[in-house]
Amino acid sequence: MSLVEVAVPLPLPGALTYAIPPELSGLVAAGVRVGVAVGPKRVTGVVLGPAGAPPPEVTVRPLLEVLDAEPVLPRQLLELARFTADYYLAPIGEVLRAMLPPDLEPWGRQRVRLTDRGALAPPRQGLSRRVVDALHQHGPMRVAELHALLGSAELPRELAAMRQRGELALEGGRGRQGSRYEAAYELAGGELDELLARCGRSRPGREAVRWLHAVGRPATQEEVLHQVGCSAAVVRRLARLGVLRPFTQVRSLSLDAHLLGRRQRPPLVLRSDQEAALATVQEALAAGGYAGYLLAGMTGSGKTEVYLRAAAAALEAGHGVLLLVPEIALVPALAREARERFGERLAVLHSGLGSAERQQEWERLRSGTARIVVGPRSALFAPVLDLRLVVVDEEQDPAYKQDSTPRYHGRDLALVRARAAGAVALLVSATPSLESRHNAAHGKLTALSLVHRVGKGGLPTGVLVDLRREKEGRRPGEVTFSAPLREELAGALGSGEQVVLLRNRRGYAPLLLCRACGEDHRCEACGLPRTYHRRTAELLCHYCGATRPVPTACPACGEEALEAVGAGTERVEERFAELFPGVPVATLDRDAARRPGGAAAILERFARGDVQVLVGTQMVSKGHHFPRVALAAVLAADTYLGFPDFRAVERTYTLLTQLAGRAGRGDRPGRVVIQTYHPEHYAIRAALDHDDRLFAEEETRFRRIFHYPPFTRVVHLLVRDRRRERGEERIRQLAQRLGHHPLARGVRVLGPAAAPLERLRGKWRFQLLLRATSGRRLRELVAAVIPQPHGAELVVDVDPYDLL
């Protein structure tokens, strides 16, 4: 029996070796999933390729089943998985688990049945006849059961041929996923309060009605169930009560289909700088081979138009395209633009889709029905055929960094995938990361620049507010609506224009303090104060999720002296409503995104003009195009500056610049108000004056002096332990082993020290920071001192983006 390497989703140092039993011979190929036994457990692994003979004393177990008729991961993605595991020091099985949709249904679990044509067809010979006889005898059965009964390696090919002739039907194991029609619902006529009253006391029913009202459109039954978390019986009951009107529609390609309708509009005329950038990329696409570009330009300069036209050129030549955005909230807008141009060739992949939609989109890409995909960092692993263009929009965004194993960076792996595929990589940003600027300066990327804004709008005029001089709101952490800001708001609202207000902290207040005894309601597991959420009347720990009801009196001293200190988005919205009563306002933050309708519903209402003011966290600053926004304001620009992280200043500058870019994108001039206690800081001044060169020069000088990336490479080691003394001892011993190893020459070891957030989720945290000019030397050192598996209580983060 031949041997194969199988990667299983467990923290193991490498792949395992299994034997191919005779009955599965011919079905096994690199990239297919197989069922294997690991100890007493049965798990699903991925075949990596042939394996060498193990030592004589090792017993090789056989494969239990083959789950796919053809590879779910092509050779290039398998190679990318190997690279990811090696570079990020992660188990190969856990890398492959991250690459595949979690609910991708195996081919072997599909049910096969005879159609009327197959049952009445003339008698056949060979395998076809055996298939018909088995289905006549046993009725519909799973493909894996049929294969076990017939034991032929030619079965997948024969089933495909019989299905093509209309003699068989293959159905998903979860039901009628392939049906052309689906049930959909819309709200019956009437006011929202009336519809809610007709729901009775059914909480799920009321949530379903609220969600449909929030999105303002019909929705499929599957979408309602997914978004609200209710059962199909609840939806059918609402239809019987006359609250919902049912109808049947053609099955959509994905849950985002309502956002992807076609619109007729005149083609845009490119400016000269856009034409030059596009021509450069098109030449690289036509030439073939790898090429890397950094497309930089101020917010609103038309970068999206450039890369979408480049995508059109790649598609017209018969190639595949990958478009990445940092967050799911940015997918619908880009997907809408892409659908208008590319129609059914577009696929959408992200974790917000249901399992059936994810599988459907994955299969469309794998089969070549779809040739272009839009999604967040996980879409990087989509099986796009003949990949020729990889676009990473907002490449500087920290959301591209995965915060669990494997801790990869989507932007960096996009470059690796593009190079392996011989594709063009296009990194796009209004505020490029220091790493990408460095790569462009040293010839690893070719810089392309857009120097003007689209349309008649220019960059917004900056208004600086020195909060040290404001008399109102001098309590610690309080957010102030300064006199200049109130004046700007009155002018914008009086002209019927829209406004975006940024407060990068959700909830009502970060602290609920007892003025009598100082009790601050700290989380027992994390040791940090819980955030006061007034809308839900709870105190919530934003790190572990633990909640408790808001007390009416201090639980420590019994005094009714509780005071909310500081301000989050809820309090900002409340204060705004006091200053400008009657103005429609909505909040967009992580809490709002989880409520019925999510971020998409809020953004739809803002785009339609139903909402005039949008308050939010950093979610409001990224990638949105709202031509009616004339004013953007940052209520507290110093949020990140004091963080113990070498990227804190860069994040501040990026956030302010991106937020400023939301204003003045139409024909009206825009204005941006920045309130700060550090008006002379170079990041504040650069964002206010739109002086990208000033920021880049100052930040580059800081990074070079203190030996931070991009001038060095960094590995972050974090030890977690429920016992503080044991955790301190483990990190101390680890630091000693690293410092005395021969490979440690030229490596700077910072620490050991307590992490800035010393205790989270009941565990004490201690860290080491390793820096060196050679990333390879760092990884070799860590691999030599910390062999895999190292357990979940030791985090190894290569190229970290979060040091808290």
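This one's a predicted model, so the numbers in the text were calculated from it and none came from an experiment.

## Observations regarding the overall build of the chain
A count of helical and extended segments in the chain gives 25 helices and 33 strands. Relative to the 2.2 N^0.38 estimate, which gives 28 Å for 804 residues, the radius of gyration of the chain is 29 Å and therefore close to what a compact globule would have. Residues counted as buried form 53% of the 804 residues belonging to the chain. Restricting the contact set of the chain to residue pairs at least 6 apart, pairs at least 24 apart contribute 74%. Surface exposure of the chain reaches about 35,300 Å², of which carbon and sulfur atoms provide 50%. Mean positive and mean negative side-chain charge positions of the chain (111 and 90 charges, respectively) differ by 2 Å.

## Quick word on the confidence of the model for the chain
When pLDDT is averaged along the chain, the result is 86; 93% of the residues meet or exceed 70. Long-range and interchain partners of residues 174-181, a stretch whose pLDDT sits below 50, account for 17 contacts in this model, where long-range means more than four residues apart. Every residue in residues 253-264 scores below 50 in pLDDT, and together they form 41 contacts with partners more than four places removed in sequence or on other chains.

## What about unusual backbone geometry?
With omega at 0°, the peptide bond leading from Thr405 into Pro406 counts as cis. Residue placement: Pro406 occurs in the loop between strand 16 (387-393) and helix 15 (410-421). With an omega dihedral of 15°, the bond running from Pro709 to Pro710 counts as a cis peptide bond. With respect to the helices and strands, Pro710 occurs in the loop between helix 23 (692-705) and strand 30 (713-721). Residue Leu89 is not a glycine yet carries a positive backbone phi of 55°. Within the secondary structure, Leu89 is located in the loop between helix 1 (75-87) and helix 2 (92-99). For His690, which is not glycine, the phi torsion reads 55° and is therefore positive. Looking at where His690 falls in the secondary structure, it is placed in the loop between helix 22 (682-689) and helix 23. Of the residues examined, His690 reaches a relative accessible area of 30% and is grouped as partly exposed.

## Here's the deal with the pattern of salt bridges
In total, this model carries 45 salt bridges according to the counting rule given. Among the salt bridges present, the one from Glu395 reaches Arg411, with a minimum N-O distance of 3.3 Å. With Glu395 in the loop between strand 16 and helix 15 and Arg411 in helix 15, this residue pair connects regions lying 16 residues apart in the sequence. When the shortest N-O distance is used, the salt bridge between Asp610 and Arg608 registers 2.9 Å. Judged by relative accessible area, which is 41%, Asp610 ranks as partly exposed.

## Focus on the sheet that holds strand 28 (residues 629-634)
Reading across the sheet, the six strands line up as 19-29-28-20-27-26 and stay open at both edges, with parallel pairing between neighbours. Across the chains shown, the open sheet's two edge strands, defined by having one partner strand only, are strand 19 (461-466) and strand 26 (585-588). Each adjacent strand pair in this sheet contributes to an overall mean axis angle of 15°, direction not counted. Relative to strand 27 (residues 613-616), strand 20 (residues 498-502) runs parallel, the two being bridged by four bridges. Considered in strand 27, the bridge of Val500 is made with Leu614. Seen against the sheet, helix 21 (residues 648-660) touches strand 20, strand 28 and strand 29 (671-676) and runs at an angle of roughly 160° to strand 28.

## A short note on the side chain of Arg364
In this fold, Arg364 is placed in helix 14 (residues 355-367). A polar side-chain atom of Arg364 sits 2.4 Å from the main-chain carbonyl oxygen of Glu344.

## Observations regarding the side chain of Arg506
Tracing the chain through its elements places Arg506 in the loop between strand 20 and strand 21 (511-514). By relative accessible area, which is 11% here, Arg506 ends up buried. Looking at Arg506, its side chain comes within polar contact range of the side chain of Asp591, at 2.6 Å. When residues no more than four places from it in sequence are discounted, the contact partners of Arg506 are Thr531, His533, Leu540, His542, Gly568, Thr569, Asp589, Arg590, Asp591, Arg594 and Thr617.

## Some points on the sheet that holds strand 24 (residues 547-549)
With respect to topology, three strands assemble into an open sheet ordered 22-23-24, the strand pairing being antiparallel. The outermost strands of the open sheet, each flanked by one partner alone, are strand 22 (531-533) and strand 24. Here the average twist between neighbouring strands, direction ignored, is 30°. For strand 23 (residues 538-540) and strand 24, the ladder comprises three bridges, and the chain directions are antiparallel. Residue Leu539 lies in a different strand from strand 24, and its bridge partner there is Arg548.

How each quantity is defined
- Residues numbered from 1 in each chain as written.
- Predicted model: local features only at pLDDT ≥ 70, side-chain atom pairs only at ≥ 80, totals over all residues.
- Heavy atoms only, no water.
- Helix = DSSP H or I, 4+ residues; strand = E, 2+ residues; numbered from the N terminus.
- Rg over C-alpha atoms; globule rule 2.2 N^0.38 Å.
- Buried < 20%, exposed > 50% of the residue type's maximum accessible area, 1.4 Å probe, protein only.
- Contact = heavy atoms within 4.5 Å.
- Areas by Shrake-Rupley, 256 points an atom, 1.4 Å probe, with all protein chains shown as cover.
- Lys, Arg positive; Asp, Glu negative; His and termini not counted.
- Charge placed at Lys NZ, Arg CZ, Asp CG, Glu CD.
- pLDDT = per-residue confidence, 0-100.
- Salt bridge = Lys/Arg side-chain N within 4 Å of Asp/Glu carboxyl O.
- Pairing = 2+ DSSP bridges.
- Axes fitted to C-alpha atoms, helices over the stretch in contact; angles between N-to-C directions.
- Polar contact = N/O pair within 3.5 Å; in protein donor to acceptor, adjacent residues only side chain to side chain.

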